[in-house]
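# Coordinate analysis (summary)
Below are the chains, spelled out letter by letter.
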Amino acid sequence: DITLLVMYSVFDTKTNTLLDNREVKYTVSSEKTRERAFVPEASDMAIDKVKELAKSIVKDFMPYTEDITFLLLFHKDTEMKTATTNAQLGKIDIAIEQFKKIYTNKGYFEAGYNRAKLFQVQGDLTNAYLLMAEVYDKFKDERAEKALKVIEEEISSKKKLQSQQIH
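Now for a description of the structure that goes with this document.

For the rest of this paragraph, the subject is unusual backbone geometry. Even without a glycine there, the phi angle at asparagine 16 is positive, about 55°. Within the secondary structure layout, asparagine 16 lies in the loop between β1 (2-12) and β2 (17-28). Residue lysine 140 is not a glycine yet carries a positive backbone phi of 55°. Assignment of secondary structure puts lysine 140 in the loop between α5 (125-139) and α6 (142-163). Given the relative accessible area of 54%, lysine 140 is considered exposed.

So this is what it looks like as structure tokens:
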């Protein structure tokens, strides 16, 4: 068994400002063995924890982006094609309203799905989730089920980001 205590500070070198001071403690155990010769070196046991901590520190303090591609579903209906074109041209609010009208009047799975995806594009994860859940309940389509899981993950990530302390 080893106990690893890491104390570290993060500085902004441009402003010479202390951003964070932390202490992290890990306890790592090797597999049980009768032969001492089979017990790994302490450094070998700790290396994964140190790498994990380093990645965590970098992620906490270095800006990063995530790129997400959103694909809308095709439908041969001309109103659907118009709404999809508006979405592709960046006229998201207009496309959302067009897909709403189509979904309400014609009940196309693709219209409900696409509208939910556009809510997601806008960052309106609550409406995206509620509509995608409705579409899935109505059609039981696996594409909607997969999209729901992605939206749930995005909501979880957003909550995690919001809960992180700002230093």
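Looking at chain direction, β1 and β2 are connected through eleven bridges and run antiparallel. Bridge pairing links valine 10 to aspartate 20 in β2.

Here we come to the packing of aromatic side chains. Per the counting criterion, the structure on display carries two aromatic pairs. Ring centres 5.8 Å apart and planes at 40° place the aromatic pair phenylalanine 109 and tyrosine 113 in the tilted group. Of this pair, phenylalanine 109 and tyrosine 113 both sit in helix α4 (residues 109-122), separated by four residues, roughly a single helical turn. You'll find phenylalanine 109 and tyrosine 113 in the same group, each marked buried. The interplanar angle of 70° and the centroid separation of 5.4 Å between the aromatic rings of phenylalanine 109 and phenylalanine 139 together place this pair among those described as edge-to-face. Of this pair, phenylalanine 109 sits in helix α4 while phenylalanine 139 sits in helix α5, and the two are 30 residues apart along the sequence. For phenylalanine 109, a relative accessible area of 6% puts it in the buried group. On the accessibility criterion, phenylalanine 139 (31% relative accessible area) is partly exposed. Site record: aromatic cluster; members linked through ring pairs are Phe109, Tyr113 and Phe139.

Glancing now at α6. Given a rise of 1.5 Å per residue, 22 residues ought to cover 32 Å, and the 32 Å separating the end C-alpha atoms of α6 matches this to within 8%. For α6, the full list of buried residues reads Ala144, Ala147, Leu148 and Ile151. On an axial view of α6, the arc spanned by its buried residues comes to 105°, and they lie on one face. Residues Glu142, Lys146, Glu153, Lys160, Leu161 and Ser163 are exposed on α6 and point more than 90 degrees away from its buried face. Those residues of α6 that are buried lie in contact with α4 and α5. For α6, the N-terminal capping position is held by aspartate 141, with its side-chain oxygen 2.8 Å away from the main-chain nitrogen of arginine 143.

For the pair α5 and α6, interaxial distance at closest approach is 9 Å and the crossing angle is 155°. Regarding the angle of α5 to α6, the classification is roughly antiparallel. Considering only the axes of α5 and α6, their crossing is left-handed. Counting all contacts with α5, which are made through Leu125, Ala128, Tyr129, Met132, Ala133, Val135 and Tyr136, the residues of α6 involved are Ala144, Glu145, Ala147, Leu148, Ile151, Glu152, Glu154, Ile155 and Lys158. Among the residues making up the contact of α5 with α6, the classes are represented as twelve nonpolar, no polar and four charged.

All right, on to the packing of helix α2 (residues 78-88) against α4 then. Where α2 meets α4, the closest approach of the two axes is 11 Å, and the angle between their N-to-C directions is 15°. For the element pair α2 / α4, the angle class is roughly parallel. Two packed elements cross with a definite hand, and for α2 against α4 that hand is left-handed. Contacts between α2 and α4 involve Met80, Thr84 and Ala87 from the first element and Glu110, Ala111, Asn114 and Leu118 from the second.

Procedures and definitions
Residues numbered from 1 in each chain as written. Predicted model: local features only at pLDDT ≥ 70, side-chain atom pairs only at ≥ 80, totals over all residues. Heavy atoms only, no water. Helix = DSSP H or I, 4+ residues; strand = E, 2+ residues; numbered from the N terminus. Buried < 20%, exposed > 50% of the residue type's maximum accessible area, 1.4 Å probe, protein only. Pairing = 2+ DSSP bridges. Phe/Tyr/Trp six-rings, centres within 6.5 Å; stacked < 30°, edge-to-face > 60°. Expected span 1.5 Å × (residues − 1). Arc of directions from axis to C-beta. Contact = heavy atoms within 4.5 Å. Polar contact = N/O pair within 3.5 Å; in protein donor to acceptor, adjacent residues only side chain to side chain. Axes fitted to C-alpha atoms, helices over the stretch in contact; angles between N-to-C directions. Parallel < 35°, antiparallel > 145°, perpendicular 65-115°, else oblique. Left-handed = near helix turned anticlockwise from the far one by under 90°. Nonpolar A, V, L, I, M, F, W, Y, C, P; charged D, E, K, R; others polar.

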